[in-house]
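Structure at a glance
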Amino acid sequence: MYDYLIVGAGLFGSVFAHEASRRGKKCLVIDKRDHIGGNIYTEKIEDINVHKYGAHIFHTNNKEIWDYVNQFVEFNRYTNSPIANYNGEIYNLPFNMNTFNKLWGVVTPKEAKEKIEEQKREAGITKPRNLEEQAISLVGTDIYEKLIKGYTEKQWGRPATELPAFIIKRLPVRFTYDNNYFNDRYQGIPIGGYNVIIERMLENCDVQLETDFFAEREQLEKEANKIVYTGMVDEFYNFRFGVLEYRSLKFENKILETDNYQGNAVVNYTDSQTPYTRVIEHKHFEFGTQDKTVITREYPKEWKKGDEPYYPINNEKNNQLFRKYKELADQEENVIFGGRLANYKYYDMHQVIGAALTKVKEEFNK
Ligand code: FAD
Ligand code: UDP
């Protein structure tokens, strides 16, 4: 008999499992995949850590969370500075003085701000109601057309006018010559890869892979006093109110006989024609010097049952549906829901760790 059955060996489940076992609790962690780590898992190909479920860069502003992950692994000095490729034209991201200079020839922050103000005035937006209006209000129509519209509509499979504004606010807009994609104080890639973190977190737990909770639900529920569930919340309730929507991805990996394919870890293709959104060259996350290189093209696609649910689509319709499931979830006495899928939130890794540590406090400081 276990104290906790933890469904999902991703970051949320693993933080919870680690903290519970540290407190003497017996945990069984299951995952339907054949490996631990959830979406932060990396696979070694040609001696390169390949981010199997999309590029992951750790960043946080929270010292407590930074110290927390650093007890498991050390981080390198990688700073994310993606490049945008718009029909062969190269721009720096996030939107900063380098981007504005390349686009308009402006040199000073004052000139850049004037240009954006002028475009904003022409567009006549006072209160942004969706992603398109939000983007134009932040950076003007030129940048919206070249660097945002195509990428966003490919990524989400919907017009930018039908997407929530908060998605674009993830990206900084800066009037300095600074290509750091994040504003956070701490950032990096774990030395030795993300798997090390999860392996250390789960050291003292029982782990069962290739085990789908729903295939053995009755039996598994009998094996523990409580469940920590990090899968899709609507699936937990057999989709009784309807199906929450996700965006999925297809990853196409290639091993290339060159030591440096694109000169950067992340290149975004922001036009609407190129079918993929970004190309990742994994070795650059770790300043790799291998002879070969591994790249991944990331193709967004519509999610249907059975596909990997990568991104929750937090528009009004889905959020409303989620609230119905949340009402049920809140009433459960022996099930803790957490993580990107059970909370249906566009969480980054540091937010998942923060949320898991909050649940741990609630659970063990009663
Ligand atoms: P997951 O990692 O999804 O883990 C859930 C686990 O539960 C999975 O392993 C799944 O197999 C398992 N599971 C689900 N249902 C069942 C079931 N029925 N039975 C058994 N097991 C089940 N964050 C950053 O901070 N920086 C980044 O650069 C970044 N890049 C990202 C890029 C992409 C393409 C994506 C999709 C996400 C990115 N993230 C990034 C977010 C990050 O992946 C998440 O915040 C984090 O991994 C979520 O952890 P989790 O435990 O909630 O979920
Ligand atoms: N985005 C964009 N152009 C880019 C990069 C991002 O328009 O070159 C928009 C797009 O809508 C995307 C959002 O900004 O979904 C958030 O980007 P982020 O890089 O945070 O996405 P993630 O890494 O989570 O896929």
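Heads up: the structure comes first, above all this text.
Below is a summary of the structure that appears in this document. (Residues numbered from 1 in each chain as written. Chains lettered and ligands numbered in written order. Predicted model: local features only at pLDDT ≥ 70, side-chain atom pairs only at ≥ 80, totals over all residues. Heavy atoms only, no water.)

**Observations concerning the site of ligand 2**
Going by this rule: Whether a residue is near a molecule or strand depends on its heavy atoms: it is near if one of them lies within 4 Å of it. Here a polar contact is recorded for every N or O atom pair within 3.5 Å, except that within protein the pair must consist of a potential hydrogen donor and a potential acceptor, and residues adjacent in sequence are included only if both atoms are side-chain atoms. Areas reported as accessible are Shrake-Rupley estimates using a 1.4 Å probe. Residue values count occlusion only from the protein chains shown. Secondary structure elements are taken from DSSP: a helix is a run of H or I of four residues or more, a strand is a run of E of two residues or more, and numbering for both begins at the N terminus. Residues are grouped as follows: nonpolar covers Ala, Val, Leu, Ile, Met, Phe, Trp, Tyr, Cys and Pro; charged covers Asp, Glu, Lys and Arg; every other residue, Gly included, is treated as polar.
Taken together, 17 residues surround ligand 2, and among them T152, R170, Y181, Y311 and Y346 come closest. Residue R170 places a side-chain N or O atom 2.8 Å away from an oxygen atom belonging to ligand 2. Across the complex, the protein chains shield 93% of the 530 Å² of accessible surface that ligand 2 would expose by itself. In terms of residue count, helix α5 (residues 131-156) provides more of the shell around ligand 2 than any other element does, six residues in total. For the shell around ligand 2, the class distribution of residues is 11 nonpolar, four polar and two charged.

**Structural notes on the side chain of Q155**
Our working rule: Per-residue accessibility, obtained with a 1.4 Å probe over protein chains only, is compared with the maximum for each type, and a residue is labelled buried under 20%, exposed over 50%, and partly exposed between these values. Contact between two residues is taken to exist if any of their heavy atoms lie within 4.5 Å; hydrogens are not considered.
If you trace the backbone, Q155 turns up in helix α5. Since its relative accessible area comes to 6%, Q155 is described here as buried. Ignoring sequence-local partners within four residues, the contact set of Q155 consists of R247, L249, T277, P300 and Y311.

**Some details on the packing of helix α4 (residues 109-123) against α5**
Note the threshold: Every angle, taken between N-to-C directions, lies between 0 and 180 degrees, and every axis is a line fitted to C-alpha atoms, over only the stretch in contact when it is a helix. Angle categories: roughly parallel below 35 degrees, roughly antiparallel above 145, roughly perpendicular from 65 to 115, and oblique for all the rest.
Packing of α4 against α5 brings their axes to within 7 Å, and their N-to-C directions diverge by 95°. Accordingly, the angle class assigned to the pair α4 and α5 is roughly perpendicular. Contacts between α4 and α5 involve I116, Q119, K120 and A123 on the former and, on the latter, I136, S137, L138, V139, G140, T141 and D142. Its residues assigned to classes, the contact of α4 with α5 comprises five nonpolar, four polar and two charged.

**Re the environment of A123**
Here A123 lies in helix α4. In this structure A123 comes out as partly exposed when scored by relative accessible area, which is 35%.

**Examining α5**
Counted only if it meets this: Here the expected span of a helix is defined as 1.5 Å times the quantity of residues minus one. Note that bend, as reported per residue, equals the angle between axes fitted to the 7 residues terminating at that residue and the 7 residues originating from it.
Compared with an ideal rise of 1.5 Å per residue, which puts 26 residues at 38 Å, α5 spans 11 Å between its outermost C-alpha atoms and falls more than 12% short. The largest bend in α5 comes to about 120°, at G140. Capping the start of α5, N130 holds a side-chain oxygen 3.1 Å from the backbone nitrogen of E132, two or three residues further along. Backbone geometry just downstream of α5 places G157 in the positive-phi region, at approximately 65°.

**Thoughts on the site of ligand 1**
For ligand 1, the set of nearby residues contains 31 residues, the closest of which are D31, H56, I57, R340 and M349. Within the side chain of D31, one N or O atom sits 2.6 Å away from an oxygen atom of ligand 1. Taking D348, its side chain carries an N or O atom lying 3.2 Å from a nitrogen atom of ligand 1. Compared with its free state, where it exposes 1,000 Å², ligand 1 has 96% of that area covered by protein. In terms of residue class, the shell around ligand 1 is made up of 15 nonpolar, 10 polar and six charged.

**Observations regarding the sheet that holds strand β1 (residues 2-7)**
Rules: Paired strands, as defined in this entry, are two strands with at least two bridges between them according to DSSP.
Spatial ordering of the open sheet is given by β9-β2-β1-β10-β16, a layout of five strands whose pairing is parallel. The outermost strands of the open sheet, each flanked by one partner alone, are β9 (206-208) and β16 (335-337). Each strand axis lies, on average, 20° off the axis of its neighbour in the sheet, ignoring direction. Here four bridges tie β1 to strand β2 (residues 27-30), and the two strands are oriented parallel to one another. When the bridges of β2 are listed, I6 appears paired with V29.

**Some remarks on the pairing of strand β13 (residues 278-281)**
Side chains of β13 alternate between two faces, with R278 and I280 and V279 and E281 buried alike. Pairing analysis gives three bridges linking strand β12 (residues 266-269) to β13, with the strands arranged antiparallel. Considered in β13, the bridge of V266 is made with I280. Note: β13 against strand β14 (residues 293-302), four bridges, orientation antiparallel. In the sheet register, E281 faces β14, and the bridge partner there is I295.

**Structural notes on unusual backbone geometry**
A cis amide bond links L93 with the next residue in sequence, P94, at an omega value of -10°. On the secondary structure map, P94 appears in the loop between β7 (89-92) and α3 (97-104). Non-glycine residue E210 carries a positive phi angle of around 50°. You can see E210 is positioned in the loop between β9 and α7 (217-222). Residue class for E210 comes out exposed when judged on its relative accessible area of 61%. With phi around 50°, Y344 is a residue other than glycine that occupies positive phi space. Turning to its location among the elements, Y344 is positioned in the loop between α10 (339-342) and α11 (349-364).

**Structural notes on the sheet that holds strand β11 (residues 246-256)**
Reading across from one edge, β7-β6-β12-β13-β14-β11-β15 is the order of the seven strands in this open sheet, with mixed pairing throughout. A single partner strand is all that each edge strand has here, and the edge strands are β7 and β15 (311-312).

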